[in-house]
Each structure stands twice: as structure tokens, then as C-alpha cells.
Amino acid sequence: MIRSILDNDLYKFTMQMAVLELFPDVVAEYRFTNRGAQRFNEDFVRELRRIINEETPKIILTDDEYTWLKGSCPFFKPMYLEYLKNYRFDPSEVSVNLSEDKDLDLRIKGPWHSSILWEIVLMAIISELYFDTVESDWKNKRESGSGRDSLLKGYASFMDDIGRELESEKCAFSEFGTRRRRSFELHDTVIASLSGLETFSGTSNVFFAKEYGLRAIGTIGHEWIMGISALIGLRNANLFALENWAEIYKGDLGIALSDTFGSGPFFDNFNLKLSKLYDGVRHDSGDPFTFADRVIEHYTKAGIDPMKKLIVFSDSLHARDAIKIKEYCEGKINCSFGIGTSLTNNPDFFSTSPPLNMVIKLHSVNGIPVVKLSDDEGKETGDPDAIRVANYTFGRKGLDE
């Protein structure tokens, strides 16, 4: 299910290098959250444990992959590439159990620089394994020879239609769907279908970027800012995270993530220096049109031409959403789109077996709980008491609300 150490999102590697540089001794814990109605079973858990214990430790960075990273991702420092060459997944960092209500109790705990690579890998495994062992009707169809070939051809045709629609609207987009893909094979089909399009910017998956000669896309994830909030302080976590990211990457990877604690605290910290230094911002929750207006207003007040900046939209997008947002931003600010699950596990195509609605989020660093608030009600993750404190700190809610 995982064919390479590069079968992961770029931002996990970029954050790993930053963590190694600034926080080499920090211990992190991650936890799985299932936001959907799907449930698991003992066979699933047994096979998941086997894959974690027997298969993931064999994944290594090959000499060919090392050479490619060195040439295609020059922002990675030589010392980090040597670290990655010697990196091995440590199964002792992961615990998996089945709860009484048939949900997964999955936790990851270990040195932050080591445990950071598990998230996307485990989510991709969980998603593919679920559709192999739990959704039996789909599994039987996929394994029935001509049925499998027909399915892949049908999905390729489905992707061709989506790609043509986005290209006809001159909508620049990237593929962000590793974490909830239906299978590695289907993911490969998606990339093969989209890779020839002029408006297809690349993929967050480093393995497929290498295989198809594409640009690997990614900068910062929420966990970078979440972890810093516990180590440095909540109120100015965005500021410290962005300042130090710029120091580590010297102007590369310059898209700032805006919604870890809601966009209000982000803009409070996104000062003139950072607004000029960063190429743009990423939207991952809340109303995209309201957010676009806020970004434009922020740059305008700072005396910065919004047409020299970029918004990357990445919040549960479908092609139709991207096209509407692109039309709204036209002539106001540049935009591009990171489209994930609707490419690698489209719920319209797989209407009888929708994708898993799951996340694995950082839960604590050095035993201190961390939270993600976002701009969406109901998307808050973390210890309930820590969420109350964070909401109070940022003036979102009173302590008793």
C-alpha cells in the first residue's frame, strides 16, 4: 500500500527538517479521529498491525530517490538528506486498538522528528485497507479481473472530465489526495490522467512527483504551528512559526497557513514584514469568499498589490468549487487550488461507499496538549480543556462556553 518512503506529502518532510533543526529533543503524540459513520472490525485491526509491524520498517530512501530529492528539492539541506537516508519507521511508536463502538483508537508517540512521518502514511493505509476489508462489495468488484480493469478505466475517464473542466476555466490546481485515497493504484490512475494538463501544477505526493516528472507541492501543516504554541506560547505561535520557517527555508516554500487558531489570530501576527516576505496564504477552513475578501483587504491596507500575491485554497474542494472561487478572485488576487479526496476517492463516483472522514492530528508535545481551532465550527481538535483555554485566549469564547 506504501511503495516508497516518498509516498508521503511533501510538507511532512519539510516540517521534519524544521523540527530537527529547532526542536530535536521534543516528544510528540498524535491521535486518530474518525469524523464519519464508518466503523472497523477485528480483521481490519489485525491486518493494520501487521502492516505497521512488518512492512513499514522495510521502507527506506533509495539511492535513486536520494539523488532525485537533492536535485529536485534544493531547499532540503544535505544534513537532512543524510538523516532521511538513515530513517526507519519505528512500529513501537504506534498503538492500534478497536474501541467498544468499533472505532479506531490509534495513537502515535515518539520523538517529534521521527513520529512526524507517520500521519499521511497511516491514513493512506487505513483508507486503502478499509476498502479492502470492510467495504466488501467494492472489494469484490475490484478484484474480479475485468471488473477491476473496467473500474480503473472508468475512473480515468472520470478524471479526464474533471481535468478538462478545470483546464477549460484556466484553473490552476494540484493534487492533495494521498491521505484519503481509495488505493495506491487508483491514485496512480489519477496522476496519469491529470499529468498532461497545462493547469495541473503538481502533487503533494513526493513519490508521484518523482515518477511523473511533476513539481512536489507543499509547505507547512497545522502541526508546525500547533506544536510551537505549546513550546513558545499560544498568542504569538503563528508569528514564531512563520518567522522561523522563513529563516530555515530562506524564502522557499513561502505559503503561510492561516487557520490553525482561526484566521483572526493569524492576521494579527501576519505583519508587514511577513506579508511582503511570504508569496501568499493557504485557506483550509471557513467561507472561501469571505476569506478572499479579508486577504485582499489585508494586503491593500499594507500597501501591497494583491495581484502580486497568491491564495491557495485547499478546503475539501471539488472542481466545481474551485471554478466558482477562481471566478470570484479574477482580477482581485491570484489563486490556485489543492484538491484532495474528490480526486483520489471521489464520493460522486463511489456513491455507495463514501470516503472515510478522518484525521490524525498532533495531540501534545512534551506532554503539553495542543489544539487546532480552524474557521469552521465543529472542526476543533484536541483536549477539551485545552480547546477552552485556546478559545478564551483568542477571544473566541468565554471559559464557560
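Each chain carries its own residue numbering, running from 1 in the direction its sequence is written. Confidence filtering applies because this is a predicted model: local features only for residues at pLDDT of at least 70, side-chain atom pairs given and counted only at 80 or more, and all residues used for totals across whole chains, interfaces and linings. In computing side-chain properties, one takes all heavy atoms of the structure into account and sets aside hydrogens as well as water.

- The name given to the chain in an unreviewed UniProt entry is Nicotinate phosphoribosyltransferase, with Methanolobus zinderi as the source organism.
- UniProt positions are given in the numbering used here, feature names are shortened, and annotations may be inferred rather than shown by experiment. Its UniProt record, at the heading Function (unreviewed entry), says of the chain: "Catalyzes the synthesis of beta-nicotinate D-ribonucleotide from nicotinate and 5-phospho-D-ribose 1-phosphate at the expense of ATP."
- The annotation that UniProt attaches to the chain under Catalytic activity (unreviewed entry) is "5-phospho-alpha-D-ribose 1-diphosphate + nicotinate + ATP + H2O = nicotinate beta-D-ribonucleotide + ADP + phosphate + diphosphate".

### Some points on the overall build of the chain
Next up, step 1: Helix and strand definitions here come from DSSP, where helices need a minimum of 4 consecutive H or I residues and strands a minimum of 2 consecutive E residues; each element is numbered from the N-terminal end. In terms of regular secondary structure, the chain is built from 18 helices and 13 strands.
Next up, step 2: Just to be clear, the radius of gyration here is over C-alpha atoms, and the globule rule we use is 2.2 Å times residues to the power 0.38. The C-alpha radius of gyration of the chain comes to 21 Å, within 12% of the 21 Å expected for a compact globule of 401 residues.
Next up, step 3: Each principal axis of the C-alpha distribution contributes one length, and for the chain these read about 60 × 50 × 50 Å.
Next up, step 4: Any residue under 20% of the maximum accessible area for its type is buried, any over 50% is exposed, and the rest in between are partly exposed; the area is computed with a 1.4 Å probe on protein chains only. Going through the 401 residues of the chain one by one, you find that 58% of them count as buried.
Next up, step 5: Excluding contacts between residues fewer than 6 apart, the proportion of contacts in the chain whose partners are at least 24 apart in sequence is 76%. Any pair of residues with heavy atoms lying within 4.5 Å of one another is described as a contacting pair.

### Notes on the sheet that holds strand β7 (residues 280-283)
Next up, step 1: In this scheme, strands are said to pair when DSSP sees at least two bridges between them. With parallel pairing, the six strands of this open sheet are ordered in space as β5-β4-β9-β8-β7-β6. Sheet topology places β5 (200-203) and β6 (255-257) at the edges, where each strand pairs with a single neighbour. Ignoring strand direction, the axes of neighbouring strands in this sheet form an average angle of 25°.
Next up, step 2: Judged from the three bridges that link them, strand β4 (residues 173-175) and β5 form a sheet pairing that is parallel. Each bridged residue has a counterpart across the sheet, and for Glu 175 the counterpart in β5 is Thr 203.
Next up, step 3: An axis is simply a line fitted to the C-alpha atoms; with a helix, the fit covers only the stretch in contact. Between two such axes, the angle follows the N-to-C directions and lies from 0 to 180 degrees. Docked against the sheet, helix α15 (residues 288-301) engages β7 and β8 (310-313), running at close to 160° with respect to β7.

### Looking at the packing of aromatic side chains
Next up, step 1: In summary, the pairing rule links any two rings of Phe, Tyr or Trp, Trp by its six-membered ring, whose centres are within 6.5 Å, and it sorts them by plane angle into stacked for under 30 degrees, edge-to-face for over 60 and tilted for everything else. Tallied over the entire structure, the rule returns 32 aromatic pairs.
Next up, step 2: With centroids separated by 6.0 Å and ring planes inclined at 55°, the aromatic side chains of Phe 23 and Trp 224 adopt a geometry described as tilted. Within this pair, whereas Phe 23 is found in the loop between α1 (10-22) and β1 (27-34), its partner Trp 224 is found in helix α11 (residues 222-231), the two being separated by 201 residues in sequence. Neither Phe 23 nor Trp 224 differs from the other in exposure class; each is buried.
Next up, step 3: Ring geometry for Phe 32 against Phe 40: centres 6.4 Å apart, planes inclined by 75°, an arrangement best described as edge-to-face. Comparing Phe 32 with Phe 40, the two get one shared label, buried.
Next up, step 4: Following the ring pairs from residue to residue traces out a cluster consisting of Phe 23, Phe 75, Phe 76, Tyr 80, Tyr 83, Tyr 87, Phe 89, Trp 112, Trp 118, Trp 224, Trp 245 and Tyr 249.
Next up, step 5: For Lys 85, the ring lying beneath its charged end belongs to Tyr 66, and the centroid distance is 4.7 Å. Should the NZ of a Lys or the CZ of an Arg lie within 6 Å of a ring centre and within 35 degrees of the ring normal, that charge is described as sitting over the ring.

### Observations regarding the environment of Trp 112
Next up, step 1: Within the secondary structure, Trp 112 is located in helix α5 (residues 112-115).
Next up, step 2: Judged by relative accessible area, which is 0%, Trp 112 ranks as buried.
Next up, step 3: Distance from Trp 112 to Ala 28, taken between C-alpha atoms, is 4.8 Å for residues 84 residues apart in sequence.
Next up, step 4: Other than its neighbours up to four places away in sequence, Trp 112 contacts Val 19, Phe 23, Val 26, Val 27, Ala 28, Tyr 30, Glu 223, Trp 224, Gly 227, Ile 228, Leu 231 and Leu 362.
Next up, step 5: Pairing of N or O atoms within 3.5 Å defines a polar contact, subject to two protein rules: one partner must be a possible hydrogen donor and the other a possible acceptor, and residues neighboring in sequence count only if both atoms are side-chain atoms. A polar atom in the side chain of Trp 112 sits 3.0 Å from the side chain of Glu 223.

### Focus on the side chain of Asp 284
Next up, step 1: For Asp 284, the location among the structural elements is in the loop between β7 and α15.
Next up, step 2: Using a relative accessible area of 15% as the deciding quantity, one classes Asp 284 as buried.
Next up, step 3: Beyond its immediate chain neighbours, meaning those up to four positions away, Asp 284 contacts His 222, Leu 257, Asp 259, Ser 314, Asp 315 and Lys 379.

### Comments concerning the domain arrangement of the chain
Next up, step 1: Residue ranges for the domains trace back to a domain assignment, done automatically or taken from a database. What the domain assignment reports for the chain is domain 1 (10-135 + 353-369) and domain 2 (148-345).
Next up, step 2: The centre of domain 1, based on its C-alpha atoms, is set 21 Å off from the matching centre of domain 2.
Next up, step 3: With 41 residues of domain 1 at the interface, the matching set in domain 2 holds 35 residues.
Next up, step 4: The term buried area denotes the loss of accessible surface (1.4 Å probe radius) that occurs when two parts are joined, taken as the sum for both partners. Roughly 3,300 Å² of surface becomes buried between domain 1 and domain 2 when both sides are summed, with 67% attributable to carbon and sulfur atoms.

### Side note on the pattern of salt bridges
Where charged atoms of side chains with opposite charge meet at close range, the side chains can pair.
Next up, step 1: The salt bridge definition used is simple: a Lys or Arg side-chain nitrogen within 4 Å of an Asp or Glu carboxyl oxygen. Counting across every chain of the model gives 26 salt bridges.
Next up, step 2: The shortest N-O distance in the salt bridge between Lys 379 and Asp 315 comes to 3.1 Å. Residue Lys 379 is located in the loop between β12 (371-372) and β13 (381-382), and its partner Asp 315 is located in the loop between β8 and α16 (319-329); the two are separated by 64 residues in the primary sequence.
Next up, step 3: Overall, Lys 379 belongs to the buried group, its relative accessible area being 19%.

### Observations regarding the sheet that holds strand β3 (residues 104-111)
Next up, step 1: The sheet built from five strands is open, its strands ordered β2-β3-β1-β10-β11 with antiparallel pairing. Only two strands of the sheet have a single neighbouring strand rather than two, namely β2 (94-98) and β11 (368-369).
Next up, step 2: Each of β2 and β3 touches helix α2 (residues 42-55); the most contacted strand, β2, lies at about 170° to it.
Next up, step 3: Packing against the sheet, α11 makes contact with β1, β10 (358-365) and β11, and its axis sits at approximately 25° to β10.

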